[in-house]
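# Survey of secondary and tertiary structure
Chain by chain, the residues:
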Amino acid sequence: MNRNKTNNALSAGALKQAVRESFIKLNPAVMIKNPVMFVVEAGTLIVLLMIVFPRLFQSQATMGFNIAVFFILLFTLLFANFAEAIAEGRGKAQASSLKKSKQDMSANKLVGEAVTVVSSTELRKGDVVIVSQGEMIPGDGEVIAGLASVDESAITGESAPVIKEAGGDFSSVTGGTRVVSDQIKVRMTSEPGQSFIDRMIALVEGAKRQKTPNEIALSTLLISLTIIFLIVVVTLAPIASYLGIELEIPILIALLVCLIPTTIGGLLSAIGIAGMDRVTQFNVLAMSGKAVEAAGDINTMILDKTGTITFGNRMASDLVPVAGSSIESLSEWAAISSLMDETPEGRSVLEWAKKQGMSYDAALAAGGEFVEFKAETRMSGMDLADGRRVRKGAVDAVRKWVAAQGGDIPPDLEQISNTIATLGGTPLAVAVDNRMFGVIYLKDTVKPGMKERFDQLREMGIKTIMCTGDNPLTAATIAREAGVDDFIAEAKPEDKIAVIRREQAEGKMVAMTGDGTNDAPALAQADVGLAMNSGTIAAKEAANMVDLDSDPSKIIEVVAIGKQLLMTRGALTTFSIANDIAKYFAIIPAMFMLAIPEMGVLNIMNLGSPLSAILSALIFNAIIIPLLIPLAIKGVAYKPMSGSKLLSRNVFIYGLGGVIVPFVGIKLIDFAVHLWI
Ligand SMILES: Nc1ncnc2c1ncn2[C@@H]1O[C@H](COP(=O)(O)OP(=O)(O)OP(=O)(O)O)[C@@H](O)[C@H]1O
Ligand SMILES: [K+]
Ligand SMILES: [Mg+2]
């Protein structure tokens, strides 16, 4: 995706396209989706009829006035359409660059033992393909054998290749990305047309855009206001007529259009589209606008420690034997337990042994059975052919394992592992059957700037909970260093779900990040689940957002963008409704002054003439829409602070501004209009 923000500066082509769209969107069948603007369109058509067939209406209003009203109303509609078209245009530009990475390609499909070359469009879910150096991956899938570095710049914009390998959390590959070295066997996980890139294209194009619950609520309010004003204006004519005052239809239409919330009605969908787009520009794919909005309402954020708060490349930096064991034997068993452990932790143990010149008898492992690391057991290792079982893992897990076999726990184990944990490191105990050999010190560091970020979240009123599989002491050290509000240690995958449910039961909205298959249930349970693109298919399917850069700490910015979206909508709604009050003071007196000149005292704005007052209010009502497009698209400036503080600040700025700006604006327009008519 286009990472450089060239999309911000609109090209001439995009502008032209948006102008054309503004006219196409005048189609009433399209317009009806926006009832406020549909009412404006109906009014526009009535005025047009009065211009074309003046005899049909007993109207005193001059042709010139009617024509002016018609054009102002037409422009009101076009401006609103333009706002939406501009917002959509940015997504379309992105979609077309994505489509380029989705051309048909050939694939080496594996049928039995033989390889046949087929077109990527013929691949079905479950098919297995072989992708070698220089070739494109023909569809979304999971690496089932091999290891390769893959250039994912087509979707992430990031040029550094990433490693993809079978098993573990880095096994998913995306169609349209390129293998730059080695060879992998990939099992397809999506049907043609339903791949990740297909979904991305549909998303950024807005093809599947649905109104969010928040938008629906606001639309309902806007429609109610529109209906109320419609009734007021329609009943005004007979009442006035009863009192001997004749109100002209174009003037009543002008009044109606000024009173109904056209500003927010015209900008509402642009705000939503632009909010989604801001998330996409940030290389995060939101599966729905609802997800982005939910991010703005988050009260609690669950983060894991390793890789989110810390860098996560936990490396063995030291080995400490317990009393009675030698460093050589500890190192040997640590290495044996890691021989087939493909996790970064496991590999780092072998690297440490190599760097320290520690030898181990690899023959010991011959015929042995590998025991894979699982978050449930928090151990990994090897069952040797001679019956001995070698394990390394979280200290409490290995301690229990040794104790269950009747082994003694060396007295210095606790002190050694506590020292490591207090430094923020992860201690891994190493044992063979019922004998404990010592501890591996896995070093990890907190990412810089984390404390400031958590401070910001606190100012936003968001509680942060670090959820880690690590021991309580390490967890406490890292939690303190990073400045999270709370932490849960020795957490198994189901504990993450439990925390989320507990918070949700208290009425909180919860966000979390994850990348593993074991995170999938929690990602689905959370209101905002952000999966890493590097993660497993299961995690990506369960989540409602995917970060293409696989940076879990991005959840913080996603929340800020969501908040900004909600704020922008709230601010412009406040502004729009406040605005209408000012227009009311311009139009109502003018209307009655036309009928009863003695009512001149009502002209508190001291506008030039009744007709110029009405036209000025209507012109202001129209041009405020394009003037606010940049704000709707960029979003209002956002500073972290609590929800209630934000609300009062915004009501003050946009409410008061919404009253003052139109008074000034209408007065200025009236100067010009009055000179002219
Ligand atoms: N390859 C491994 N072999 C054995 N034990 C491991 C291995 N990797 C991690 N562990 C142990 O298992 C524990 C739990 O790991 P898990 O990945 O579930 O959580 P974590 O990485 O510590 O925390 P987080 O949830 O913050 O990522 C770790 O704290 C560590 O003690
Ligand atoms: K209005
Ligand atoms: Mg982990």
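Looking at an unreviewed UniProt entry, one finds the protein chain named Potassium-transporting ATPase ATP-binding subunit, with Paenibacillus endophyticus as its source organism. UniProt, in the comment section headed Sequence similarities (unreviewed entry), describes the protein chain in these words: "Belongs to the cation transport ATPase (P-type) (TC 3.A.3) family. Type IA subfamily." According to UniProt, the comment filed for the protein chain under the heading Function (unreviewed entry) is "Part of the high-affinity ATP-driven potassium transport (or Kdp) system, which catalyzes the hydrolysis of ATP coupled with the electrogenic transport of potassium into the cytoplasm. This subunit is responsible for energy coupling to the transport system and for the release of the potassium ions to the cytoplasm."

Another aspect to go through is the domain arrangement of the protein chain. For the protein chain, the domain assignment lists domain 1 (12-93 + 204-280 + 565-675), domain 2 (104-203), domain 3 (287-309 + 447-548) and domain 4 (313-445). Taking the mean C-alpha position of each, domain 2 and domain 4 sit 35 Å from one another.

Counting across every chain of the model gives 28 salt bridges. The residue Glu84 makes a salt bridge to Lys25 at a minimum N-O spacing of 2.6 Å. Highlighted residues: Glu84 in helix H4 (residues 63-100) and Lys25 in the loop between helix H1 (12-24) and helix H2 (28-31), separated in sequence by 59 residues. Given a relative accessible area of 21%, Glu84 falls into the partly exposed group. Of the residues examined, Lys25 reaches a relative accessible area of 9% and is grouped as buried. With its nearest N and O atoms 3.5 Å apart, the salt bridge here joins Arg314 to Asp470. Note that Arg314 is positioned in the loop between helix H11 (305-309) and strand E10 (315-321) and Asp470 in the loop between strand E16 (463-467) and helix H17 (472-482), a separation of 156 residues in sequence. Counted as one network, the salt bridges with shared partners bring together Lys463, Arg502, Glu503, Glu506 and Lys508.

Not every one of the 21 residues close to ligand 1 is listed here, only the nearest: Lys305, Thr306, Asp341, Thr343 and Ser380. At 3.4 Å from an oxygen atom of ligand 1 is found a side-chain nitrogen or oxygen belonging to Asp304. Between ligand 1 and Gly469 there is a distance of 3.3 Å, counted from an oxygen atom to a backbone nitrogen or oxygen. Taken by itself ligand 1 offers 600 Å² of open surface, and the protein chains cover 91% of this. Of all elements in the fold, only H11, strand E12 (379-383), strand E13 (389-394) and strand E14 (426-432) reach the threshold of two or more residues within the shell around ligand 1. It is E13 that provides the largest number of residues to the shell around ligand 1, a total of three residues.

So, on to the side chain of Asn650. Checked against the element boundaries, Asn650 lands in helix H23 (residues 643-676). Take Asn650: its relative accessible area is 9%, and that puts it in the buried class. Dropping the residues within four chain positions of it, Asn650 is found in contact with Met567 and Gly655.

This part is about the packing of aromatic side chains. Applying the stated criterion across every chain yields a total of three aromatic pairs. Between Phe70 and Phe71, the ring centres sit 5.1 Å apart and the planes meet at 75 degrees, which makes this aromatic pair edge-to-face. What makes Phe70 buried here is its relative accessible area of 12%. One residue, Lys554, lies across the ring of Phe282, its end atom 5.0 Å from the ring centre. When the ring centre of Phe671 is taken as origin, the NZ or CZ atom of Lys667, which lies over that ring, is 5.6 Å away.

So, how was this worked out
Residues numbered from 1 in each chain as written. Chains lettered and ligands numbered in written order. Predicted model: local features only at pLDDT ≥ 70, side-chain atom pairs only at ≥ 80, totals over all residues. Heavy atoms only, no water. UniProt positions renumbered as here; feature names shortened; annotations may be inferred. Domains from an automatic or database assignment. Salt bridge = Lys/Arg side-chain N within 4 Å of Asp/Glu carboxyl O. Helix = DSSP H or I, 4+ residues; strand = E, 2+ residues; numbered from the N terminus. Buried < 20%, exposed > 50% of the residue type's maximum accessible area, 1.4 Å probe, protein only. Near = heavy atom within 4 Å. Polar contact = N/O pair within 3.5 Å; in protein donor to acceptor, adjacent residues only side chain to side chain. Areas by Shrake-Rupley, 256 points an atom, 1.4 Å probe, with all protein chains shown as cover. Contact = heavy atoms within 4.5 Å. Phe/Tyr/Trp six-rings, centres within 6.5 Å; stacked < 30°, edge-to-face > 60°. Lys NZ or Arg CZ within 6 Å of the ring centre and 35° of its normal.

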